[in-house]
Amino acid sequence: MGTVSARRRPRAFAAAFATLAIAAGFAAAPAQAVDKDKYIALGDSYAAGQGAGPYLDACYRSNSAYAELANEAKSIQLVVNAACSGKTTWDVVNSQLRQLNKSTELVTITAGGNNIGFGDIITACGAALANPAAGPACDAATASAAAMIQSGQLTRDVISMIQSVKAAAPNARIVVTGYPYLYDPVTPNPADPLSLFIQQATVLADGLDASIAAAASATGVQYVDVRGAFAGHGVNSADPWINLDLANPASPDNFHPNASGYQAYFAALTGSGAYSVP
């Protein structure tokens, strides 16, 4: 009996080990089976994460970008954040779409602000606040942007970009975002040049966001408005989520979201269901 028992013991151990291994495999399976969208982020500095630092490359990509926050929260599987500072909708098409393919399941895009030269407007009009002689440059930059918005050219540019994204990633859900107000809106006061500048910036932001929303509607993709998420946190607030370093007016981070601002972007996208797996 002892001999038989000794022969059976290794088999019994092997069977028990196999049972445990199978059980462990079944236990691990649900975690492995969780479906996460294969996600690619496209766009300009607001999608790259500029303003929050530290930066990973010359595109001002940051781990504080809303796409990276979604990846950290395990909402999705971020394949790559291809966004880059200074890019227009045309740049997105020409230099970022190579990241997309048929396996891409989610694409987010923040782009359009550079089409109308929003950065140039801020620079020119900011200079005009300090030096009235710079006023004509501010007026010219603002008029050019307004013309692109009012003519529908910006909407057409965004539509063209979205259509190109659809062609490159035919199975993806596409979400486009708007931009926040840089300053909390104020009542304009002719005796206060800053209030007039803020009013200009507010009108342009509304036109920019309306153009992007119209393009999203025309192409059947989701639009996420972030103005409400930033309410009360403009440059002129007590708790700004937009950078403005008055001691360093040439800082490239100026008029970009800080880390709290990108959290607001992430919250707006999450709240809209953009990061939910269908």
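Heads up: the structure comes first, above all this text.
What counts and what doesn't
Residues numbered from 1 in each chain as written. Predicted model: local features only at pLDDT ≥ 70, side-chain atom pairs only at ≥ 80, totals over all residues. Heavy atoms only, no water. Buried < 20%, exposed > 50% of the residue type's maximum accessible area, 1.4 Å probe, protein only. Helix = DSSP H or I, 4+ residues; strand = E, 2+ residues; numbered from the N terminus. Pairing = 2+ DSSP bridges. Salt bridge = Lys/Arg side-chain N within 4 Å of Asp/Glu carboxyl O. 1 Å grid on protein atoms, 1.4 Å probe; cavity = no way out; pocket = protein on both sides within 12 Å on 5 of 7 lines; lining within 4 Å. Points joined across faces, edges and corners; volume = space filled by probe spheres on them. Nonpolar A, V, L, I, M, F, W, Y, C, P; charged D, E, K, R; others polar.

Turning our eyes to something else, we now look at the pairing of strand β1 (residues 38–43). Among the six residues in β1, five count as buried, and that is most of the element. Inspection of the sheet shows β1 paired to strand β2 (residues 77–81) by four bridges, in the parallel sense. Following the sheet pairing, K38 is matched in β2 by Q77. In this structure, β1 lies alongside strand β3 (residues 106–110), joined through five bridges in parallel fashion. Looking at the pairing, I40 lines up with V107 of β3.

Following the criterion strictly, the structure yields five salt bridges and no others. Measuring nitrogen to oxygen at the nearest pair gives 2.5 Å for the salt bridge that ties R173 to D37. In this pair, R173 sits in strand β4 (residues 173–177) while D37 sits in the loop between α1 (2–33) and β1, placing the two residues 136 residues apart along the sequence. Residue R227 pairs with D225 through a salt bridge whose shortest N-O separation is 2.7 Å.

Let's shift gears to the side chain of Q96. Note on placement: Q96 falls in helix α4 (residues 89–96). Residue Q96 is classed as buried on the basis of its relative accessible area of 2%.

Quick look at the layout of surface pockets now. A volume near 710 Å³ is recorded for the largest pocket. Lining the largest pocket are 33 residues; nearest its centre among them are G119, I122, T123, N254 and F255. No other element matches helix α5 (residues 118–130), which puts seven residues into the lining of the largest pocket. Of the residues in the lining of the largest pocket, the class split is 19 nonpolar, twelve polar and two charged. Space inside the second largest pocket adds up to approximately 190 Å³. Considering the residues around the second largest pocket, the lining is formed by C125, A128, L129, P132, G135, C138, D139, P193, L196, F197 and Q200. Contributing elements (two or more residues each) for the lining of the second largest pocket: α5, α6 (135–150) and α8 (193–219). Counting residues per element, the lining of the second largest pocket draws most heavily on α8, at four residues. Along the lines of polarity and charge, the residues of the lining of the second largest pocket split into eight nonpolar, two polar and one charged.

A word on empty space enclosed by the protein. Scanning the model with the defined rule gives one cavity of 30 Å³ or more in all. When its volume is computed, the largest cavity comes out at roughly 40 Å³. What lines the largest cavity is F118, I121, I122, C125, T142, F197, Q200, A201 and L204. Contributions of two or more residues to the lining of the largest cavity are made by α5 and α8.

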